[in-house]
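Listed below, chain by chain, are the residues.
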Amino acid sequence: MSRRQLKVGLILSRYPTPNYPIFAQIVRAWVDSGASVTWDLTANMSLISNKIKDSEKFDLVLILGGENLSPQRILPISELIRSKKIPFVLWTSEDPDLSNATLEIATSFDFIFSNCKNSAELYRQHGHNSAFLPLAAGESLYFRRALPLNLKSWDVAFVGSCWPNRLKFFSGFCSMLNEPSFEYIRPYIRIFRNHELREMINQSSDYFNLLPLFLDNYTSPRSLSYIYNSSVVSLNLLRDFGNGTLPPPLNNRFYEIGLAGGYQILIASKNTDLGEIPPAVRVITADDEKVIIGKILDSIGSILSDPDSYKRDIDDTQDYILKNHTFINRLRTIETTILHDQIS
Amino acid sequence: MLVGIFDLCGDLNPNPYLITRVRQLLGRALPDVDIVEVDDLEDEKCKGLKFLLLLPSVYNNRFSLDKLTKFRGTTTVPVALWTFEDPYEFDLNMAAFELVDHLFCNDEFVSNCYINRDKISFCPIGADETQWLVRPSNRLIEKKKFQLTFVGAGYYDRIQILKRIADNFPANSLLNFQLVHAEDKCPQEWLMKQRLSPESLREIYVRSFAAVYLPRRLNFANLNELSSHTPAPRIFEATLAGSVPVVSEDDLGVFDYLTPGVECLTYATIRELAEKTSQLTLDRDFYMEIISNAQQKILDNYLMSFSTQKVANYIRKALEQ
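To start, this report covers the structure provided alongside it. Everything numeric in this text was worked out from a predicted model, so none of it was measured.

**Some remarks on the overall build of chain B**
Helix and strand counts for chain B come out as 11 helices and 11 strands. Each principal axis of the C-alpha atoms in chain B carries an extent, and together these give about 65 × 40 × 35 Å. Of all 321 residues assigned to chain B, the portion counted as buried reaches 57%. Surface summary for chain B: the accessible area is close to 13700 Å², and the carbon and sulfur share equals 48%. Taking the average place of the 35 positive charges on the side chains of chain B and the average place of its 44 negative ones, the gap between the two points comes to 4 Å.

As structure tokens, this is what we get:
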């Protein structure tokens, strides 16, 4: 039985933003899956509002992000969309950092997908419809065939934004790598400079050894995938939001490293709910940095001792990500949750 | 059949030779088509066009999206835009994207940021081998004078790096830095009074062992802070002329095009840059190996004629419809 085409309105909550490429991947994925998509990057969401006012029909309207969504901004469009009986959905990408702000506007939405399992639970506890839905990896940006071990340029890599826990960890880690006994390890570690970083450096000289590793510009996703692909292991140190309430969730780097043909060492909080872990991921949950560093080195040693398993694990992980964690997978979840698979 | 090509930057185009060569290569790829230069969409000759190619940049003072909107509203001429300045002018190009039938994007990563994938092709600019290729030889090595060269626009961040190089290379190093429009103070001898012709530029690279690659960081219409991935054509031109490309290990996009240690050299510190370029001047075999590998890679993969053929194929298809 053929069913009608899905018609979607998609809004990016903050624009411009360095996260724009993720939004573009989501729109493309939805178009690829056969939907008709109207995307709106305007500050007042006027493009979709005007279409709805002109009686254009949508099966759902989704806001991606969750930043900059004050009640004043979201209420008018929420009332308009719901007056037309169109499901209005939020997919957050910055939880748990913005969970409290999201709670303030949660009644404006029919459903909230959260990138954080604990935040989704929090919204449910407050009586809102909510489910966990992590971000995913963009295939055209990240996919690369795995390299054999002998073609890797670096042994250990990390590129990411500056968060206090990362600064602290990498300051210790890089000091260790400078010791003569570890000079054989080829690292590629870079941290994006931002205002938090300047503040921390002003407060403490402990981080001076990281100064050469700071980048003023973001690294493009295509270049990130090159790093993950060209490194024996890529570190994924989940960021500590510092709000002391909820543990950090899995980030999209978790999927991106796998899709890029990389092997991941995930350094997570003991409280983080990790779910299914594919074979090319080793998880370290420890509070003590020296213990973490020791476990990273042990992991690299055991990985290098078994190149056949290494390649097989990466290939299996890549297959697993492609099958379960691309944006098309996520959009299917949204469709079945909101529309109960009414349309193709 | 008449195809128009519109250099939107006109006299402001910093590299007009690229446009000239694109026009010549398109003419070769479409021998049965008359290619005419357009400099105003309201010009009478636009009415007879069967296709219009815009390039290289929407940002200029003699073209506007309003004019393009009007043109699209009053004619049925298919229009394509070939960007040379993504991601630096992404926001403007994205606005233009809505108004054209197809966009050829110079950057592989950024080509994924335009949403309608049916209308977008990745099309790196590449280098023209007839203009730039000088095969290495012992005779030419004898003529080489400079250990390291950089020629380009004097953006602030480039000047900072060049100053660090000048301050930290051994005193006897022969460095050749030439900048247009310097955005910060720099030694007077680095400043060019005018842009060099491609022939003069080629001669500089012929006489250099290495050329340092310094991508621009200036983003004046790229509010999303997108970073480039595909290297600018200058690195391919310099290499074809005989300068070994030397690339910071943070400019990772280059390594998808030139393999580190095989077709280009990488550096993490200024000291490493000095050591590796010094080795090029002292070890002829080392120089010959890297430059030969790099030139062959470019000749096989990154020529302007390959990119132009892609555009020509699209134009041909549009003309046949």
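After presenting the structure, the write-up continues.
**Observations concerning the overall build of chain A**
Each helix and strand counted, chain A has 13 helices and 12 strands in total. Taken over C-alpha atoms, the radius of gyration comes to 21 Å for chain A, in line with the 20 Å a tight globule of 344 residues would show. Along the first, second and third principal axes, the C-alpha atoms of chain A reach 70 × 50 × 35 Å. For chain A, the accessible surface area stands at approximately 14600 Å², while carbon and sulfur atoms represent 49% of it. For chain A, the distance from the average site of its 35 positive side-chain charges to the average site of its 37 negative ones is 5 Å.

**Structural notes on the sheet that holds strand β2 (residues 34-38) of chain B**
Residue and element names in this part refer to chain B. Pairing within the open sheet is parallel, and its six strands lie in the order β2-β1-β3-β4-β5-β6. Each of the sheet's edge strands pairs with one partner strand only, and the pair in question is β2 and β6 (120-122). The mean angle between the axes of side-by-side strands here comes to 20°, regardless of whether they run parallel or antiparallel. Where strand β4 (residues 79-82) and strand β5 (residues 102-105) come together, three bridges link them in parallel fashion. Residue pairing across strands places Ala80 opposite His102, the latter belonging to β5. Across the sheet, helix α11 (residues 304-320) lies against β1 (2-7), β3 (51-55), β4, β5 and β6, angled at about 150° from β3, the strand it touches most.

**Section: unusual backbone geometry**
The omega angle of the peptide bond from Tyr15 of chain A to Pro16 of chain A is 0°, so this bond is cis rather than trans. Its location among the elements puts Pro16 of chain A in the loop between β1 (7-12) and α1 (20-32). In the Ramachandran plot, Met45 of chain A falls in the positive-phi region, its phi being about 55° despite a non-glycine side chain. Mapped onto the secondary structure, Met45 of chain A falls in the loop between β2 (36-40) and α2 (46-53). Even without being a glycine, Glu225 of chain B presents a positive backbone phi close to 60°. Position of Glu225 of chain B among the secondary structure elements: in the loop between β9 (210-213) and α8 (233-240). For Glu225 of chain B, a relative accessible area of 40% corresponds to the partly exposed category.

**Some details on the interface of chain A and chain B**
Every contact between the two is made by 30 residues of chain A and, on the other side, 28 residues of chain B. The largest per-residue losses of area from chain A upon contact with chain B belong to Tyr20, Arg28 and Tyr226 of chain A, which jointly make up 26% of the total buried on that side. In this assembly, chain A and chain B are joined by five salt bridges. Ionic pairing is found between Arg190 of chain A and Glu249 of chain B, a salt bridge with its closest N-O pair at 3.0 Å.

**Re the nonpolar core**
Among the nonpolar cores identified, the biggest contains 139 residues, and Tyr20, Trp30, Trp91 and Ile334 of chain A together with Leu52 and Leu54 of chain B are the most heavily contacted of them. Of the residues forming this core, the biggest block, eight residues, is contributed by α1 of chain A. In terms of nonpolar packing, the next biggest core, distinct from the first, is built from 39 residues, Met200, Tyr207, Ala286 and Leu297 of chain A among them.

**Notes on the pattern of salt bridges**
Summed over the entire model, instances satisfying the criterion amount to 28 salt bridges over all chains. A salt bridge links Arg144 of chain A to Asp256 of chain B; the nearest nitrogen and oxygen atoms lie 2.7 Å apart. Placement of the pair is Arg144 of chain A in the loop between α6 (139-142) and β7 (154-161) and Asp256 of chain B in the loop between β10 (244-248) and β11 (265-267), with the two residues belonging to separate chains. Classification of Arg144 of chain A by relative accessible area gives buried; the value is 11%. Across the pair Arg332 of chain A and Glu335 of chain A runs a salt bridge whose closest N-O atoms are separated by 2.6 Å. Taken as a pair, Arg332 of chain A and Glu335 of chain A lie in helix α13 (residues 327-339) at a separation of three residues, close to a single helical turn. Taking relative accessible area as the criterion, Glu335 of chain A reaches 5% and is therefore assigned buried.

**Details of the packing of helix α1 (residues 16-29) of chain B against α11 of chain B**
Residue and element names in this part refer to chain B. Interhelical geometry of α1 versus α11 gives an angle of 55° and a closest axis separation of 9 Å. The angle between the axes of α1 and α11 places the two elements in the oblique class. In this structure, α1 crosses over α11, and the sense of that crossing is right-handed. Between α1, through Leu18, Arg21, Val22, Leu25, Leu26 and Ala29, and α11, the contact on the second element is made entirely by Met304, Ser305, Thr308, Gln309, Val311, Ala312, Ile315 and Arg316. Class assignment for the residues of the contact of α1 with α11 results in nine nonpolar, three polar and two charged.

Reading the values: the criteria
- Residues numbered from 1 in each chain as written.
- Chains lettered and ligands numbered in written order.
- Predicted model: local features only at pLDDT ≥ 70, side-chain atom pairs only at ≥ 80, totals over all residues.
- Heavy atoms only, no water.
- Helix = DSSP H or I, 4+ residues; strand = E, 2+ residues; numbered from the N terminus.
- Buried < 20%, exposed > 50% of the residue type's maximum accessible area, 1.4 Å probe, protein only.
- Areas by Shrake-Rupley, 256 points an atom, 1.4 Å probe, with all protein chains shown as cover.
- Lys, Arg positive; Asp, Glu negative; His and termini not counted.
- Charge placed at Lys NZ, Arg CZ, Asp CG, Glu CD.
- Rg over C-alpha atoms; globule rule 2.2 N^0.38 Å.
- Pairing = 2+ DSSP bridges.
- Axes fitted to C-alpha atoms, helices over the stretch in contact; angles between N-to-C directions.
- Contact = heavy atoms within 4.5 Å.
- Buried area = accessible area lost by both parts, 1.4 Å probe.
- Salt bridge = Lys/Arg side-chain N within 4 Å of Asp/Glu carboxyl O.
- Core = buried A, V, L, I, M, F, W, Y, C linked by side-chain atoms within 4.5 Å.
- Parallel < 35°, antiparallel > 145°, perpendicular 65-115°, else oblique.
- Left-handed = near helix turned anticlockwise from the far one by under 90°.
- Nonpolar A, V, L, I, M, F, W, Y, C, P; charged D, E, K, R; others polar.

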